[in-house]
There are 2 protein chains.
Amino acid sequence: MSESRDMLREVFRETGRRLTSQRCLILDVLEASDEHLDAEAVYELAKDRAPDISLATVYRTLTLLREMGFVEEHRLGEGHCHYEAVHEEPHYHFTCRKCGKVIEFDAPLISRIRRDLSQREGVKITKAHLHLTGYCRDCQDRETSGDPV
Amino acid sequence: MSESRDMLREVFRETGRRLTSQRCLILDVLEASDEHLDAEAVYELAKDRAPDISLATVYRTLTLLREMGFVEEHRLGEGHCHYEAVHEEPHYHFTCRKCGKVIEFDAPLISRIRRDLSQREGVKITKAHLHLTGYCRDCQDRETSGDPV
DNA sequence: GTCCATGCAAACTGTTTGCACGCGC
DNA sequence: GCGCGTGCAAACAGTTTGCATGGAC
């Protein structure tokens, strides 16, 4: 654990940033959780180990870690962001419109889509978000409200 | 034009809603634009034709039209939503991280991904959002800031 | 010791809501 | 005329920022 933090420290130093206890802690919290935490949840979990930490620091650190590529930000549709430590493999999300349950999945076909678009439009794609919505197994019979005509 | 509004009126009546001038106007604005407007932009455009319209009405109407399936809401990552009148064909988005340019594209392979996940997880998928980010042709040489390590 | 990072509180943006009036039906 | 929809302003949620203090290096 501590040797991985040393590597981390070096990455920070190279870019003129400091590895503070708060930044360590927030990264720990994200790595320890395999859920998609929002800023408030990260804040609550961090407070358990550092009661004085502030929500502003959580936001600043999440932005920083995102810029450095250590965490990913997802907007799954509820007006606030979710964060998670980066995995090696890309993965995507399904969200149930009824109960909010999130299912993660992989979809290798996305790489074909990326390649096609890159070639056709001459763009360089750095990130793909695929977000499916619908009704999970448990909610399917009750999909009453707020749906297309 | 007016006969299409009559059809619209009927859809509203069936669900106990009223087709007000504001609702018409907002739908007009969205249909007239082939861009992705945010609520503020819809508000500004609507004010040209109805100076007394309020931003609250714009939000309420956008929510309503989304629930009725007439418009789609996109969260392309900047902390506010974009809206557009529904097209028949599904389409997806690429956003340039540098200049914000949006390219729309189709990706028929998505239907395979949808089918796979539905079968594997037993979910019913009603909507797919694919959002690619990266650098457009013009911005590729200057992709300096804020990128993964 | 230097200067970046933090905590606090206030500001800010995008969105929602309570209420009395107005308009579609 | 009944009741949904509107405009207005205030409230709200999530996030950002200014400033003085504190901690990493």
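What counts as what
- Once a new chain begins, its residue numbering starts again from 1 and follows that chain's sequence as written.
- Chains and ligands are labelled by the order in which they are written, letters from A for the one and numbers from 1 for the other.
- Per-residue local features are limited, in this predicted model, to residues with pLDDT of at least 70; the limit for side-chain atom pairs, both in listing and counting, is 80 or more; totals at the level of whole chains, interfaces and linings are taken over all residues.
- Heavy atoms from the whole structure form the basis of all side-chain values; hydrogens and water molecules are not counted.
- Within this scheme, the nonpolar core is defined by two criteria: the residues are buried Ala, Val, Leu, Ile, Met, Phe, Trp, Tyr or Cys, and they are joined through side-chain atoms within 4.5 Å.
- Working definition: with a 1.4 Å probe on protein chains only, accessible area under 20% of the residue-type maximum means buried, over 50% means exposed, and in between means partly exposed.
- We count a stretch as a helix when DSSP gives it H or I for four or more residues in a row; a strand needs E for two or more, and each element gets its number in order from the N terminus.
- Domain boundaries shown here were taken from an automatic or database domain assignment.
- It only takes one pair of heavy atoms within 4.5 Å for two residues to be counted as in contact.
- As a working definition, buried area equals the accessible area (1.4 Å probe) given up by two parts on being put together, with both sides summed.
- Between Lys or Arg on one side and Asp or Glu on the other, a salt bridge is scored when a side-chain nitrogen of the former is within 4 Å of a carboxyl oxygen of the latter.
- Between N-to-C directions, angles cover 0 to 180 degrees, with each direction set by a line fitted to C-alpha atoms, over the stretch in contact for helices.
- In this scheme the crossing of two helices becomes right-handed for a clockwise turn of the near helix relative to the far one and left-handed for an anticlockwise turn of less than a right angle.
- Each residue receives one of three labels: charged for Asp, Glu, Lys and Arg, nonpolar for Ala, Val, Leu, Ile, Met, Phe, Trp, Tyr, Cys and Pro, and polar for the others, Gly being one of them.
- For this overlay, a least-squares fit was computed on C-alpha atoms, restricted to residues scoring pLDDT of at least 70 in both copies.
- Definition of nearness: a residue and a molecule or strand are near each other if at least one heavy atom of the residue lies within 4 Å of the molecule or strand.
- N or O atoms within 3.5 Å of each other form a polar contact, as long as, within protein, one can give a hydrogen and the other can take it, and as long as residues adjacent in sequence are counted only when both atoms are side-chain atoms.

Phe94(A), Ile110(A), Phe94(B) and Ile110(B) are the most contacted members of the largest nonpolar core, which totals 34 residues. The set of elements that each furnish at least two residues to this core consists of β4 (92–96), β5 (102–105), α5 (109–121) and β6 (124–135) of chain A together with β4 (92–96), β5 (102–105), α5 (109–121) and β6 (124–135) of chain B.

Residues and elements named next belong to chain A. Annotation of chain A at the domain level lists domain 1 (1–86) and domain 2 (89–149). For domain 1 versus domain 2, the distance between C-alpha centres works out to 25 Å. On the domain 2 side, the residues contacting the seven residues of domain 1 number eight residues. The junction of domain 1 with domain 2 conceals about 600 Å² of combined surface from both sides, 55% of it contributed by carbon and sulfur atoms. Taken as a group, His-36, Glu-72 and Leu-76 account for 63% of the area that domain 1 buries against domain 2, more than any other trio of residues on that side. Counting across the domain 1 and domain 2 interface gives one salt bridge. Between Glu-72 and Lys-127 there is a salt bridge whose closest N-O contact spans 2.8 Å.

The next thing to look at is the packing of helix α2 (residues 21–32) of chain A against helix α3 (residues 39–49) of chain A. Residues and elements named next belong to chain A. One can describe the packing of α2 onto α3 by two numbers: an axis separation of 10 Å at closest approach and a directional angle of 115°. Both α2 and α3 take part in a crossing whose hand is right-handed. Every residue of α3 that contacts α2 at Leu-25, Ile-26, Asp-28, Val-29 and Leu-30 is listed here: Val-42, Leu-45, Ala-46 and Arg-49. Broken down by class, the residue content of the contact of α2 with α3 amounts to seven nonpolar, no polar and two charged.

Rotating chain A by 180° about the axis while translating it 0.0 Å along that axis superimposes it on chain B, leaving an RMSD of 0.1 Å. Taken together, these values place the two copies in the relation of a two-fold axis. Ranked by how close their C-alpha atoms come to the rotation axis, the residues of chain A are headed by Leu130(A), at 2.2 Å. In this assembly the copies share their binding face: 100% of the residues contributing to the interface of chain A also contribute to that of chain B.

Residue and element names in this part refer to chain B. Along the chain, Ile-26 falls in helix α2 (residues 21–32). Each C-alpha atom, one on Ile-26 and one on Tyr-83, is 11 Å from the other, the two residues being 57 residues apart in sequence. Ignoring any residue separated from it by four or fewer positions in sequence, one finds Ile-26 in contact with Val-42, Ile-53, Thr-57, Val-58, Thr-61, Leu-62 and Leu-65.

Near DNA strand C lie 22 residues; those nearest to it are Thr20(A), Gln22(A), Arg23(A), Thr57(A) and Tyr59(B). Near the protein, within 4 Å, the atoms of DNA strand C are sugar or phosphate in 68% of cases. One nitrogen or oxygen atom from the side chain of Thr20(A) is found 2.8 Å from a phosphate oxygen belonging to DNA strand C. Contact between DNA strand C and Tyr59(B): a phosphate oxygen at 2.3 Å from a side-chain N or O atom of the residue. Mapped by element, the contributors of at least two residues to the surface near DNA strand C are α2 and α4 (55–68) of chain A together with α4 (55–68) of chain B. Among the elements that take part in the surface near DNA strand C, α4(B) stands out by supplying four residues, more than any other. Of the residues contributing to the surface near DNA strand C, the split by class is eight nonpolar, six polar and eight charged.

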